[in-house]
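Listed here are the chains, written in short residue letters.
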Amino acid sequence: MMERKLTILYGSQSGTAQDLAEQIWRESKMYFFRGNVLPMDEYDVSELIGERFVVCVCSTYGQGEEPDNMKRFWKFLLRKSLPNDSLQQVHFAVLGLGDSRYPKFNYVAKKLHKRLLQLGGSALLPVGLCDDQHDLGYGAVFLPWINQLWDELGRIVPLSAGTHKLPESPREFRWQVDIAKEGHITKDISPEGIDLYADVKMPNGFQTVVVENRRTTAAEHFQDVRMITFEKKAVPWCSGDVLYVRPHNSKESVDQLFEIFHQHEFGLDKQTCVQVKAIDSEMPVPSILQKPLPLVAIAEQYWDLTAIPRARAFAVLAKNCSNELEREKLIEFSRYEGQEELFAYANRPRRTILEVLLDFPHATNSLTLEALFELFQPIKPRAFSIASAVESGKLQILVAVIEYKTKLSIPRRGLCSHWLKDLQPGNMVNAWVRKSTFQLPADNKTPLVMIGPGTGLAPFRGILQERELSETPTSAPLVLFFGCRSSTADFHCEEDLKRMEQSGMLQLFCAFSRDQPEKVYVQHLIKKEGMLLKKLLIENGGYVLVSGSSKNMPQAVKEALIEAIGDAQHIEKMIQTNRYQEETWA
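Residues numbered from 1 in each chain as written. Predicted model: local features only at pLDDT ≥ 70, side-chain atom pairs only at ≥ 80, totals over all residues. Heavy atoms only, no water.

Where an unreviewed UniProt entry is consulted, the protein appears under the name NADPH-dependent diflavin oxidoreductase 1, with the organism given as Anopheles merus. Database annotation for the protein, UniProt heading Subunit (unreviewed entry): "Interacts with CIAPIN1; as part of the cytosolic iron-sulfur (Fe-S) protein assembly (CIA) machinery. Interacts with DCPS." Recorded in UniProt under Subcellular location (unreviewed entry), the annotation for the protein is "Cytoplasm". (UniProt positions renumbered as here; feature names shortened; annotations may be inferred.)

Peer 1: For this particular structure, what's the right way to read unusual backbone geometry?
Peer 2: Note: most peptide bonds trans; most residues except glycine with negative phi. The backbone of F32 shows a phi angle near 65°, a positive value even though the residue is not glycine. With respect to the helices and strands, F32 occurs in the loop between α1 (16-28) and β2 (37-39). Residue class for F32 comes out partly exposed when judged on its relative accessible area of 34%. We note that N106 has phi near 55°; this positive angle belongs to a residue other than glycine. Assessed through its relative accessible area of 0%, N106 is described here as buried. (Helix = DSSP H or I, 4+ residues; strand = E, 2+ residues; numbered from the N terminus. Buried < 20%, exposed > 50% of the residue type's maximum accessible area, 1.4 Å probe, protein only.)

Peer 1: Is there a simple way to explain the nonpolar core in this structure?
Peer 2: Judged by nonpolar contacts, the single largest core of 82 residues is most densely connected at I24, V57, L149, Y302 and W303. It is helix α4 (residues 139-156) that contributes the most residues to this core, seven residues altogether. Each of domain 1 (6-156) and domain 3 (251-378) contributes no fewer than three residues to this core. Discounting chain neighbours no more than four positions away, the residues touching L149 are I24, V55, A93, L124 and L125. (Core = buried A, V, L, I, M, F, W, Y, C linked by side-chain atoms within 4.5 Å. Domains from an automatic or database assignment. Contact = heavy atoms within 4.5 Å.)

Peer 1: Can you help me understand the UniProt feature "binding site: FAD" (unreviewed entry) in the protein in this one?
Peer 2: The feature "binding site: FAD" (unreviewed entry), as given by UniProt, occupies R350, R382, A383, F384, S385, G414, L415, C416, S417 and W585 in the numbering adopted here. Spatially, the listed residues are scattered: they cover 236 residues, and their C-alpha atoms lie as much as 25.2 Å apart. Position of S417 relative to the elements: it lies in helix α13 (residues 415-421). Note on S417: relative accessible area 5%, which makes it buried.

Peer 1: Help me understand the sheet that holds strand β12 (residues 293-294) in this model?
Peer 2: Adjacent strands of a sheet form backbone hydrogen bonds with each other and so pair up, either parallel or antiparallel. In space, the three strands of this open sheet follow the order β7-β11-β12, with antiparallel pairing throughout. Each end of this open sheet is capped by a strand with a single partner; those strands are β7 (175-179) and β12. One ladder, built from five bridges, connects β7 with strand β11 (residues 273-278); its direction is antiparallel. Paired with I179 across the two strands is V274, which belongs to β11. (Pairing = 2+ DSSP bridges.)

The following block contains the structure:
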């Protein structure tokens, strides 16, 4: 039988591409494949020419950028010196993760697929383009794509006579997890004393201290928005750059998890220490989990207790479930055919993994330590536009605290925004800075038209502050369209903006949607400013920068701009030449 080796590589910014790559790896075991699953930059790319089967899973973020952990790999593949037949015996498949609201939808996966073909590789199947906008999420494309992958591989390297595909993966669990020897358990371990990520070095990473955490919206306003100020560190940033932080679970969520453990008599408490061990070299243990750790630290800093579970979590719960009814339902949710039911049960009401454990008590009862590490996704870092200029001596972010109702009785809360809301002056935070997806014009005489409703204002406040504090006064026309509900409740950074307007540096247009009987949004104001916008964008080659919620706003703004200048082609050309940029979030 031919050697069955399948190498799986991923480029992942927030961890989702890694999850899907690991799922492909897990399923590959049902077909008797062996091979590693690695971030692209940890793979020795010179070995690519010797591979026979390679699967690449990569996400695209911002304006078509590749994730940090595939940059070196991608740079190597772009070398002009690589012969066009370098990969002639490689069969590859590329799966992309993207968001169709962005003009460069799945740009990285499409580029990678094309480059592997140019280097002589043959594609096992067309590039898979997962779309975060799809009702069923990435699964809508991923699940049929992966089935097609196994069919195709089965055609090229069929199983030998008498061997059949296994009914389930023999590697159900990534790692072995044991309760550490008694000596590690101390009654007085405090989670505050343990920082799981203390030794993780991020590029441009630093520790900083909270200086101020101030509410910027009126006390009676429905939404709590915070301006959080951190001590400025030696790490430089440019206006528009992004600050990343990794939140912790709330004390309530952690307590609830241990209450579930207690009810099911798992014999696990906060002080129980666990040791996570690799089963083989294909799936190494992440560095942060390599030493014995009290469960409370893992529950607070590593497992995302508020995550909405994916199909995989339901497969893990179904595994040893003794109750027939629960098991049938869990299996339905874990299969492609049941994705609409899963969407209605989990995604639409935003049901958390902890709530799912309460809904399926028999399944929860049969969980093991290994299963818990499959069930809970790691907490992903969150990004916030920096709302201040380096010259101000402060690092500030503007955060809307997320809380809303669904049909479930308990309001849904954003994990990170609530964690940030509760930070006190003096608290230490690990953070890192990344380049913005905004690329500002090199010449600061170029007009900027900035459109930032709500907390979308953040990057523009940084850009404006930088211009205000710079040695040379800005000569470029700077225009800002800002929108919020009310001039008295949620007009963020009002003093700054009015001061800049009075000094003549900024032209400010404010839409207060609820201050009059009919609703007024930024797009209504844009439509009225045709003369100004034609001059700035058509005659003077200005840039448009849009920041804020990705829901309906970006499309409405684009349509308003087309109407204002009366030229759809000009806007399309601006998008193509990167003079029209969006940085939006769900």
